[in-house]
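Structural overview
For reference, the chains in residue letters:
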Amino acid sequence: MKIVLAPDKFKNSLTGLQFCDAVSKGLEAVLPNAEIITLPLADGGDGTIEVINYYLQGKEIQVIVNNPFFQPVQATYLFSEKSKTAFVVMAEASGVKLLRQEQFDCKNATTLGTGEMIVDAIEKGASKIILGIGGSATNDCGIGMATALGYRFLGKNNSEVNPIGENLSKIKFIDVSNVNPKLHEIDFQVACDVTNPLYGEHGAASVYAAQKGATKEDVKMLDKGLTDFSKIIEETFNVNPQSVKGAGAAGGMGIASKVFLKGELMPGIELIKKLAQFDKKIIGADWIITGEGKLDSQTLSGKTIQGILSSAKAQKIKVAAFCGAIDISEEEMFTMGINYLDAVIKRAESLEDAMQNGYGYVKQIAEEFAAKIK
Ligand SMILES: O=C(O)[C@H](O)CO
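Just so we're clear, the structure is a prediction, and the values are computed from it rather than from any experiment.

What follows is about the site of the ligand. Near the ligand, the surroundings consist of Gly134, Gly135, Ser136, Asp193, Val194, Tyr208, Lys212, Ala249, Ala250 and Gly251. Note that an oxygen atom of the ligand is positioned 2.9 Å from one of the backbone N or O atoms of Gly135. Backbone polar atom of Ala250 to an oxygen atom of the ligand: 2.8 Å apart, as the coordinates give it. With the chains in place, 92% of the 230 Å² that the ligand exposes on its own is no longer accessible. Of the residues belonging to the shell around the ligand, the class tally is four nonpolar, four polar and two charged.

Further remarks concern the side chain of Thr110. Among the secondary structure elements, Thr110 is positioned in the loop between α3 (91-94) and α4 (112-123). A polar contact is formed between the side chain of Thr110 and the backbone nitrogen of Leu112, at a distance of 3.1 Å. When neighbours within four sequence positions are excluded, Thr110 is seen to be in contact with Asn67, Pro68, Phe70, Ser94, Thr138, Asp140, Gly144, Pro163 and Ile164.

This brings us to a nonpolar patch on the surface. Together, Ile345, Leu351 and Met355 make up an exposed nonpolar region whose accessible area comes to about 260 Å². Along the chain, Ile345 turns up in the loop between β15 (340-343) and α13 (351-356). Given the relative accessible area of 33%, Ile345 is considered partly exposed.

A separate point is unusual backbone geometry. With a phi angle near 55 degrees, Cys141 is a residue other than glycine that sits in the positive phi range. Looking at the secondary structure, you find Cys141 in the loop between β6 (128-133) and α5 (143-148).

Between its terminal C-alpha atoms α4 stretches 17 Å, which fits the 16 Å expected from twelve residues at 1.5 Å a residue. Of all twelve residues in α4, ten are buried, a share of seventy percent or more. Looking only at α4, the buried set comprises Leu112, Gly113, Thr114, Gly115, Met117, Ile118, Val119, Asp120, Ala121 and Ile122. Where α4 ends, the next residue or the one after it, Gly125, has phi of about 100 degrees, a positive value.

What follows concerns the packing of aromatic side chains. As enumerated under the stated definition, the model contains eleven aromatic pairs in all. An angle of 65 degrees between the planes, with centres 6.0 Å apart, marks the rings of Phe153 and Phe229 as edge-to-face. Taken as a pair, Phe153 in strand β7 (residues 152-154) and Phe229 in helix α7 (residues 216-237) lie far apart in primary sequence, 76 residues in all. An aromatic cluster is defined as three or more aromatic residues linked by ring pairs; in this entry it consists of Phe10, Phe19, Trp287, Phe322, Tyr340 and Phe369.

The next thing to look at is the state of the cysteines. The tally for this structure, following the rule as stated, stands at zero disulfides. No disulfide involves Cys20; its nearest neighbouring cysteine sulfur is the one of Cys323, lying 14 Å away.

Here we come to the confidence of the model for the chain. Taken as a whole, the chain shows an average pLDDT of 94; of its residues, 98% reach a score of 70 or greater. Two numbers describe this predicted complex: its pTM, 0.82, and its ipTM, 0.99.

Note on helix geometry: an α-helix contains 3.6 residues per turn, so any two residues three or four positions apart are oriented the same way. All of the buried residues along helix α2 (residues 48-56) are Thr48, Val51, Ile52, Tyr55 and Leu56. Mapping the buried residues of α2 onto a view down its axis gives an arc of 130 degrees, with all of them on the same face. Contacts made by the buried residues of α2 are with β4 (72-80), β5 (85-89) and α9 (268-275). Downstream of α2 by one or two residues, Gln57 has phi in the positive range, about 55 degrees.

What follows is about the environment of Gly132. Position of Gly132 relative to the elements: it lies in strand β6. With 61 residues separating them in the primary sequence, Gly132 and Asp193 have C-alpha atoms 8.0 Å apart. Residues within four places of Gly132 in sequence aside, it is in contact with Phe87, Val88, Val89, Met90 and Ala191.

Attention now moves to the domain arrangement of the chain. Its domain assignment divides the chain into domain 1 (2-40 + 291-373) and domain 2 (48-268). Every contact between the two is made by six residues of domain 1 and, on the other side, four residues of domain 2. Here domain 1 and domain 2 share an interface that buries about 450 Å² over both sides, 59% of which is from carbon and sulfur atoms. At the junction of domain 1 with domain 2, the criterion picks out two residue pairs in polar contact (both at pLDDT 80 or more). Along the lines of polarity and charge, the residues of the side of domain 1 that touches domain 2 split into three nonpolar, three polar and no charged.

The next point concerns the environment of Leu265. Residue position: Leu265 is located in strand β10 (residues 264-267). Between the alpha carbons of Leu265 and Lys245 there is a distance of 8.2 Å; along the sequence they are 20 residues apart. Those residues in contact with Leu265, other than ones at most four positions away along the chain, are Val190, Cys192, Val244, Lys245, Gly246, Gly254, Ser257 and Lys258.

Conventions used here
Residues numbered from 1 in each chain as written. Predicted model: local features only at pLDDT ≥ 70, side-chain atom pairs only at ≥ 80, totals over all residues. Heavy atoms only, no water. Near = heavy atom within 4 Å. Polar contact = N/O pair within 3.5 Å; in protein donor to acceptor, adjacent residues only side chain to side chain. Areas by Shrake-Rupley, 256 points an atom, 1.4 Å probe, with all protein chains shown as cover. Nonpolar A, V, L, I, M, F, W, Y, C, P; charged D, E, K, R; others polar. Helix = DSSP H or I, 4+ residues; strand = E, 2+ residues; numbered from the N terminus. Contact = heavy atoms within 4.5 Å. Patch = residues over 30% accessible without salt bridge, like charges linked within 9 Å, V, L, I, M, F, W, Y side chains within 5 Å. Salt bridge = Lys/Arg side-chain N within 4 Å of Asp/Glu carboxyl O. Buried < 20%, exposed > 50% of the residue type's maximum accessible area, 1.4 Å probe, protein only. Expected span 1.5 Å × (residues − 1). Phe/Tyr/Trp six-rings, centres within 6.5 Å; stacked < 30°, edge-to-face > 60°. Disulfide = S-S within 2.5 Å. pLDDT = per-residue confidence, 0-100. Arc of directions from axis to C-beta. Domains from an automatic or database assignment. Buried area = accessible area lost by both parts, 1.4 Å probe.

Here it is, written out as structure tokens:
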């Protein structure tokens, strides 16, 4: 029997790897001869660094860069000397997680620090960079990041424009003559957390800027900035930003990654599945066991479990989900393609007990499951 363990994290309770450890122990107690393969996954958000490092076997690199408001901050990225691959998460340098809510002010924020992490990775000799975008405090269409890489954004009288969202409409010309010469030797893969277009009703500013401190007027001004700047992008790179899915991720970092880095954009889960060689490693499996903190109909749209279900369906592999809590009906579960479902909360005395003793409960769930499929 071949069983693949492919969980997301249980937020504030178990990491994906702890889940795999608990489930392996539970399965081995009942099915000592089963072949168990551990492939933790993530969608590009929280917990992704740990999962990526499982596959990359990289070293944590600490570097001082600019935070969203041009102040020094220590940011961490991963680097694997062996595969010359770096994994850079923009939120480390340019994310809302660095700020208190009252500091959110995306019109004045920059992605410069993300570019500085990329420069550091290039200097370390990276030939491939995986860039996770999302959770940003910015709406600068990636001009801060691009500035760190040598692009110059010029306004009236060829004056250099400070790389913040508020200034996008001032840009008349992009000077590419001083771009870091090593930049285009690097293979950039970009994990986007959303698929929004750059501007308009569903664009970066209209949908996300208010969460990052923009007033109604700011949102309008930022959306106009993205619209104006998209024309400059099209003139310079011959790419229509509005036709790029995910262009509006992270305040326009989606399109920035495409035109300035020549990166390939994809949903976070798909990128991590690729890194894990997921579709290859699950060949011939009898079961895939997945899990996450809470399973509800919303979780199933576009997140980690959805990515697992699509791969499992393509190879006709049965799926079991062990979750913290469940908020879907049995009918929904079958429609989604889940064949077996159990939850920690059914056994725990309270939410606190479920969170604190998740490991033991998950192991128990795995033992019961193994006894049923034996
Ligand atoms: O950073 C942001 O703007 C959101 O996470 C969407 O990408």
